Amino acid sequence: TKENKKTAIANFLPNFNIGGAHSWNIGLNQNITTGLFENETMESTSLNATVGLDLFNGLQNIQQLYLANLTILANKYQLEDIKDNVSLLVANAYLQILFGKETLLIRKSQLKIAKEELTITKERVKNGIIPQAYILEIEANIAAIEQNIVIAKNNYLLSKIALAQLLLITDIENFKIAEESYEVPKATILNKNVDLIYKAALKTKNNIKLAQTNLKIAKQNLALSKTSLLPKISGFYSYNSRILFDIPISLNEQLDLNTGQTFGVQLNIPIFNNMANNVAVKKNKINITKTKYALEQIKLDLENTINQAYNDAKGSLKAYEATTKTLLARKLAYDYAKERFENGVINTFNFLESQQKYEAAQSELIKAKYDYIFKIKVLEFYFGNGSIY
């Protein structure tokens, strides 16, 4: 589009062309010295130069320059919109890595605790406090946790590969992300009215700016097509000369003697051009209507997306709060069950059931945490300055 603008600017400049031809004419030719026709071969060279300048072309050049500037602006908005979409993809992929990493750490912590419980259980079995079967059940639980660790490692690696591929990084083995821990953000954005977020997004989102610019381009195309209905005035000048060989006159003298010059002004008034001009104008009017509808559709889509993002963020906040309470309750239940198990009040099955519920609550909290973080960031993205970070 920047190159197209150069063309639009160059349209204001005159046209200048030079040309030439060298020819051999064999047969009956007029001798320019005697004026008689003779059967001979004549060799000649002709030269010409022409200059043309539009004096008035229905303001077509001005309209084309306006259109070129609008097209550059539209492409800038399109590029920024692509960057916005990439930002959302990268942020989500990054949070998936953090989620996988935290899940893996919890799985390893669970394995450590399970092995400590196995050590305690073996000691109690040795002392005859509990039966041998308790050890087998805890060892089975350890095997299940180890399997979960393998799955967590695989998911963590896959999430890193996904981000690396998104960033076009080929050295996945040495690819690392920033070692940062993210606290749960405050939900201040949810205190704002969803209509206020939508109105802010209308002013900042590049896809809206792109659609608005496309409407301006459609209107500019209409103005440009209307220039074809107006008269056009152009000025022209041409110079020509020729040189004949094998005659007793020098080349410089021939150039002077054979010089011809033409200049003037040309007027062109469009009357009927197979309806092409009128059809072009009507098609551009229709295109304006289509572009208006496209803009309204994008606004409706944005409003729907923001409403969905707002409700998703509220739902993810409630889910996070609920999983936090669930984890607290499961931890208290697990601590109580562990104490009773160590005192021989409950069996291994009941203890492991309480432990597994606690571990599941930990996993659900991590999942709810990063789901909430991303959805809050998306909502802030629509309300803020266009950055997801």
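What you see is a predicted model; the values in this text were computed from it and never measured.

Draft legend 1. Geometry of helix α4 (residues 194-204). Those residues of α4 that sit buried are Ile197, Tyr198, Ala200 and Ala201. Projected down its long axis, α4 shows its buried positions confined to an angular sector of 165°, all on one face. Where α4 is buried, its residues meet α7 (276-342) and α8 (348-383). Between the side-chain oxygen of the N-cap and the backbone nitrogen of Asp195 there are 2.7 Å, and the N-cap of α4 in question is Asn193.

Draft legend 2. Summary view of empty space enclosed by the protein. Scanning all chains against the criterion turns up one cavity of 30 Å³ or more. If you trace the largest cavity, you find it lined by Glu117, Ile120, Thr121, Lys338, Phe341, Glu342 and Phe351. When residues of the lining of the largest cavity are traced back to their parent elements, those giving at least two are α2 (60-126) and α7. A per-class count over the lining of the largest cavity returns three nonpolar, one polar and three charged.

Draft legend 3. Up close: the confidence of the model for the protein chain. With 97% of its residues at a pLDDT of at least 70, the protein chain reaches an overall mean of 89. Of all secondary-structure elements in the protein chain, the lowest mean pLDDT belongs to helix α6 (residues 251-257), at 84, while helix α5 (residues 206-226) reaches the highest, 95.

Draft legend 4. Representation of the packing of aromatic side chains within the structure. Inspection of every chain in the model, using the stated rule, returns seven aromatic pairs. Look at Phe99 and Tyr370: their rings are 6.5 Å apart centre to centre, the planes differ by 70°, and that puts the pair in the edge-to-face class. Taken together, the positions of Phe99 in helix α2 and Tyr370 in helix α8 put the pair 271 residues apart, joining distant regions of the chain. Overall, Phe99 belongs to the partly exposed group, its relative accessible area being 24%. Note on Phe381 and Tyr382: the rings are 5.4 Å apart at their centroids and 65° apart in plane angle, and the pair reads as edge-to-face. What makes Phe381 buried here is its relative accessible area of 3%.

Draft legend 5. Molecular detail of unusual backbone geometry. Of note in the backbone geometry, Leu168 takes a positive phi value of approximately 60° without being a glycine. Residue placement: Leu168 occurs in the loop between α3 (133-166) and α4. For Met275, which is not glycine, the phi dihedral falls at a positive 65°. Relative to the assigned elements, Met275 resides in the loop between β4 (260-268) and α7.

Reading the values: rules and limits
- Residues numbered from 1 in each chain as written.
- Predicted model: local features only at pLDDT ≥ 70, side-chain atom pairs only at ≥ 80, totals over all residues.
- Heavy atoms only, no water.
- Buried < 20%, exposed > 50% of the residue type's maximum accessible area, 1.4 Å probe, protein only.
- Helix = DSSP H or I, 4+ residues; strand = E, 2+ residues; numbered from the N terminus.
- Arc of directions from axis to C-beta.
- Contact = heavy atoms within 4.5 Å.
- Polar contact = N/O pair within 3.5 Å; in protein donor to acceptor, adjacent residues only side chain to side chain.
- 1 Å grid on protein atoms, 1.4 Å probe; cavity = no way out; pocket = protein on both sides within 12 Å on 5 of 7 lines; lining within 4 Å.
- Points joined across faces, edges and corners; volume = space filled by probe spheres on them.
- Nonpolar A, V, L, I, M, F, W, Y, C, P; charged D, E, K, R; others polar.
- pLDDT = per-residue confidence, 0-100.
- Phe/Tyr/Trp six-rings, centres within 6.5 Å; stacked < 30°, edge-to-face > 60°.

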